[in-house]
Amino acid sequence: MKTIQVEKTSSKGIVMGQVFRKEDQDLSPECYAAIDYEEETKKYETAVNEVIKELEPLAEESDIFSAHLELAKDIALMEGVLDKINNGKENAQMALAHTAEEYCAIFECMEDEYMRERAADIKDIRNRLMRKLKGLPDSDFDAIQEKVILVASDLAPSDTAKLNLDYILGFITELGGVTSHVSIMARSLGLPALVGVKGILEHASSGDFLIMDASEGKIIVEPDREQIEEYQVKAEEFAKHQKELEALSHLPAITSDGRSVKVCANVGSIEDVKNAVKNHIDGIGLFRSEFLYMENSHFPTEEEQFAVYKEAAELVKSELIIRTLDIGGDKELPYYVFEKEENPFLGWRAIRISLEMEDMFKDQLRALLRASAFGDIRIMYPMIISMEELNKANELLEVCKTELKAEGLAYKEDIKVGMMIETPASVMCVEEFAAHVDFFSIGTNDLTQYLLAVDRGNKKIASRYTSFHPAVVKAIQRIIQAGHAHQIPVGMCGEFASDDKATEMLLGMGLDEFSISAGEVANIKNVIRNSSYEEAKQTAFKAVSAFTIRDVMDALQ
């Protein structure tokens, strides 16, 4: 038996079950000497045939796999590998690695955007073929056929896209932080997750029985019968409490002394929207449009985006804030190769990409404008750091309006446009920005890491990442005050809005809208209804006046 205590938690819930551990695969080629070149040729041809056989049924349902199948059958790729085996005297694994590397370099240098995107497909095919040559399984996740607790070093968006979530009880990762992709996804699904758990891979193996208490940050590997019975009772009590909260979630978020605020949901897809509206939300405070791009085989067209945004607007029937493409950093596309950056979170991402790839950005803006004719859609720009960026984005929006008017296509002329406040630059210039937008939304995930110079995914300094830091608290207060001085509403769509320890403070600061994971709506509404706005203002004053994290936490308690 081993008990692991986790300092920071980002979700709630108690689950128990068997562990499924995702093993990191070594796909580097083996450097053995090839003696029988006919045998190496046969190995490679067999690997290609096996990959083609596996991809054919998948290609019928997915454009991504269709592109991969096309590459697997590519004669030039085959001839390149076989030439290195027979004339370069390399083994099959080395020949594949070198040929794929050459092809990727060629595609990445091409001027045509579509052709550059093919480099990602080549890498995927290379990995599939290398697994065959090395005798490795195609996907660990294929072996999951029953409910398990997934344990991994880390999970990327591309990993979780392959999961059958019906079989996942919860997530535990050794890397990552409370604002990582896994944490955000788990909260949206109502699944418990513990991330940044040092040593979990040393103590938990596939098949081990494990208790995971995400609320208290406790993991028990191979518990005894007494502990199992204890946590079965706790799990039942937690489930009962959640049902009680959900039964009251239809009530409005109004404090005991009459202060009313909005509680909205963060979503990333139409399915998320459908689930969110069941939770009696006041709207969608953040629609992450990047998932339309990440779960596609190409940049989505105007028509493809319009269909999604229109459906979302008709489902919500209230405020629907859609953030324009926020890609880069830790979010990649399967069909577009980003140049390697030393500091991707400080690099080419979000609005910077949109303003440089104007045609792609205009497709999105036109789709958003057209969909605004069917509901209260609002546009939000991410990662704005200057008036120049805001002005350029709005100029492109006006161009799109002019085009649509000329084409006779309907749109909402006075559509509201806002921006994320998530960088130190935007905080320092917040008063100027407030005079030129219709609303603010505070993105505490990035704002915290930029203000504190703490990489939120770095386990070595994970303990230093906290939105309860006095610098972050003071920044939040400044943003809200600037917004209200210019009569614009201020919301928060970062994960801090979901933290019920911060709810009273944010309420007292005057936050107008909490946009959170749908699974947290009932809880946050309950906290607000059981709070006094006047008392919350006093709590907020103490927190903003604090000089240490401990003092902030003491003020909230």
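Residues numbered from 1 in each chain as written. Predicted model: local features only at pLDDT ≥ 70, side-chain atom pairs only at ≥ 80, totals over all residues. Heavy atoms only, no water.

The chain has the name Phosphoenolpyruvate-protein phosphotransferase in an unreviewed UniProt entry, where Robinsoniella peoriensis is given as its organism. According to its UniProt record, the chain has this under Cofactor (unreviewed entry): "Mg(2+)". Database annotation for the chain, UniProt heading Catalytic activity (unreviewed entry): "L-histidyl-[protein] + phosphoenolpyruvate = N(pros)-phospho-L-histidyl-[protein] + pyruvate". (UniProt positions renumbered as here; feature names shortened; annotations may be inferred.)

Student: Would you mind going over the sheet that holds strand 5 (residues 193–194) with me for this structure?
Tutor: Backbone-to-backbone hydrogen bonds pair the strands of a sheet. The strands run either parallel or antiparallel. An order of 1-7-6-2-3-4-5 is seen for the 7 strands of this open sheet, with the pairing classed as mixed. Either end of the sheet is taken by a strand with one partner, and the two such strands are strand 1 (2–5) and strand 5. Its contacts with the sheet put helix 9 (residues 225–247) on strand 2 (14–21), strand 6 (209–213) and strand 7 (218–221), and the angle it makes with strand 2 is roughly 120 degrees. (Pairing = 2+ DSSP bridges. Helix = DSSP H or I, 4+ residues; strand = E, 2+ residues; numbered from the N terminus. Contact = heavy atoms within 4.5 Å. Axes fitted to C-alpha atoms, helices over the stretch in contact; angles between N-to-C directions.)

Student: Explain the pairing of strand 6 here, please?
Tutor: Moving residue by residue along a regular strand, the side chains alternate between the two faces of the sheet. Burial analysis of strand 6 places 4 of its 5 residues in the buried class, which makes it a mostly covered element. Direction of pairing for strand 2 relative to strand 6: antiparallel, over a ladder of 5 bridges. Counterpart to Ile14 in the pairing with strand 6 is Asp213. Of the pairings in the sheet, the one linking strand 6 to strand 7 comprises 4 bridges and is antiparallel in character. Counterpart to Met212 in the pairing with strand 7 is Ile219. Once strand 6 ends, the chain turns through 4 residues before running back antiparallel as strand 7, passing Gly217 with a positive phi of about 70 degrees. (Buried < 20%, exposed > 50% of the residue type's maximum accessible area, 1.4 Å probe, protein only.)

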